[in-house]
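# Analysis of the macromolecular model
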Amino acid sequence: MRAKASDGKLITLFLDMMAAEQGAGDNTLAAYRRDLDDLSDFLTRSGASLIEADTQALRDYLADLDGRGFASASVARRLSALRHMFRFLLNERIRAEDPAAILSGPKRGRSLPKVLSVADVDRMLTRAKELTEMADASPTQRLRAMRLYCLLEVLYATGLRVSELVTLPRTAARHDARMIMVRGKGNKERLVPLNQASRQAMADYLAAMDAQKAEKKASVTASKWLFPSFGESGHLTRQHFARDLKELAMASGLQPRLVSPHVLRHAFASHLLHNGADLRIVQTLLGHTDISTTQIYTHVVEERLKSMVRDLHPLAEK
């Protein structure tokens, strides 16, 4: 058990480094901790620790993951976590060698993202707008409908990560704002343009929120968040928005399992590329550090190029 306690301290040191030097967010740090705690549990059962483990012990761990039915993508993620961990131990001179350096992981076939068609997104936007105009809705129901419509308009207009969307500050809804500053992964900031529909949706939602507050004569200070909540975080949670989105998908005649905030982010990127946007521009808008992450959408570009050659080449078959 002493080895386990030592592992815990090393993992905490590693996570502190990730947060301080690489700006890793809470979700990233939590994922690393889960993965590394699992590795530490396995090593402890084998009578080893992070300081003592050799390459064979790590191979045994990867085999154990496979035996537990982990998908290749999950095994690859665990392998990435332990590689980072042992490189850290080497750099800090806690270990004299890196047992993970020569490990090879499973081949990861990169699956294409689920994408909604333009017509699907339009159906959801139309239905969300209808819900804000229902005559028999209570003020609270109407405000929630306006919030969902605003979330949907902003998400499809900007392609924000869901964590970026729900933590937008109230100041993002300034009526004259044509760009918003978004703080993404690693605390990196980027400017993202807003279209007229998203600006109007934010303005209408904020006005409705202020009107309800005035009607209730509430003396509570307005939240700093655009999408406030009564929870500890102070803002709407990702899970709450995802649930609302699936309910909207069902009301729009779509399969809820095919709709999520991340799928709408994919739709934003794919629809831009399909209409001729440059891949580098989309990379910037999505906040991807590496262009290889954005290249998952190249299938859209390839299809567009094929159709252009087919339709525009002078020797193409008519």
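Above this text is the structure in question.
Scoring rules and cut-offs
- Residues numbered from 1 in each chain as written.
- Predicted model: local features only at pLDDT ≥ 70, side-chain atom pairs only at ≥ 80, totals over all residues.
- Heavy atoms only, no water.
- Helix = DSSP H or I, 4+ residues; strand = E, 2+ residues; numbered from the N terminus.
- Buried < 20%, exposed > 50% of the residue type's maximum accessible area, 1.4 Å probe, protein only.
- Areas by Shrake-Rupley, 256 points an atom, 1.4 Å probe, with all protein chains shown as cover.
- Core = buried A, V, L, I, M, F, W, Y, C linked by side-chain atoms within 4.5 Å.
- Contact = heavy atoms within 4.5 Å.
- Expected span 1.5 Å × (residues − 1).
- Axes fitted to C-alpha atoms, helices over the stretch in contact; angles between N-to-C directions.
- Parallel < 35°, antiparallel > 145°, perpendicular 65-115°, else oblique.
- Left-handed = near helix turned anticlockwise from the far one by under 90°.
- Nonpolar A, V, L, I, M, F, W, Y, C, P; charged D, E, K, R; others polar.
- Salt bridge = Lys/Arg side-chain N within 4 Å of Asp/Glu carboxyl O.

In terms of helices and strands, the protein carries 13 helices and two strands. Out of the 318 residues belonging to the protein, those deemed buried represent 41%. Split by element, the accessible area of the protein, about 18200 Å² in all, is 53% carbon and sulfur.

With that settled, the discussion passes to the nonpolar core. One recurring pattern in soluble globular proteins: nonpolar side chains tend to sit buried together. Residues Met124, Leu165, Leu168 and Phe227 are the most contacted members of the largest nonpolar core, which totals 42 residues. Looking at this core, the elements with two or more residues in it are α5 (118-132), α6 (139-158), α7 (162-166), β1 (179-183), α8 (196-215), α9 (238-251) and α10 (261-274). Looking at this core, the element that brings in the most residues is α6, giving nine residues. In this view, Met124 contacts Leu116, Leu152, Leu245, Leu248, Ala249, Ser252, Leu254 and Val259; residues no more than four positions away in its chain are not counted.

Quick look at helix α4 (residues 72-91) now. If you check α4, its first and last C-alpha atoms are 28 Å apart, about what 20 residues at 1.5 Å a residue would give, namely 28 Å. When we look at burial in α4, the residues that qualify are Val75, Ala76, Arg78, Leu79, Ala81, Leu82, Met85, Phe86, Phe88 and Leu89. Arg93 occupies a position one or two residues after α4 and carries a positive phi of about 60°.

A separate point is the side chain of Arg78. As for its placement among the helices and strands, Arg78 is situated in helix α4. In contact with Arg78, not counting residues within four places along its chain, are Asp35, Asp38, Tyr61, Leu65 and Phe70.

Between helix α3 (residues 55-67) and α4, the shortest axis-to-axis distance is 10 Å and the interhelical angle comes to 155°. Of the possible angle classes, the one that applies to α3 and α4 is roughly antiparallel. Here the hand of the crossing between α3 and α4 comes out right-handed. Contacts between α3 and α4 involve Leu58, Tyr61, Leu62 and Leu65 on the former and, on the latter, Val75, Arg78, Leu79, Leu82 and Phe86. Here the contact of α3 with α4 is composed, by residue class, of eight nonpolar, no polar and one charged.

The final tally for this structure, using the stated rule, is 13 salt bridges. Of the charged contacts, one joins Arg68 and Asp38 as a salt bridge, the two residues approaching to 3.0 Å between their closest N and O atoms. Highlighted residues: Arg68 in the loop between α3 and α4 and Asp38 in helix α2 (residues 26-45), separated in sequence by 30 residues. Take Asp38: its relative accessible area is 16%, and that puts it in the buried class. Between Asp64 and Arg68 there is a salt bridge, with its nearest N and O atoms 2.9 Å apart. The exposure class of Asp64 is partly exposed, given its relative accessible area of 24%. Each of the salt bridges in this network shares a partner with another, and the network as a whole consists of Asp35, Asp38, Asp64, Arg68, Arg77 and Arg78.

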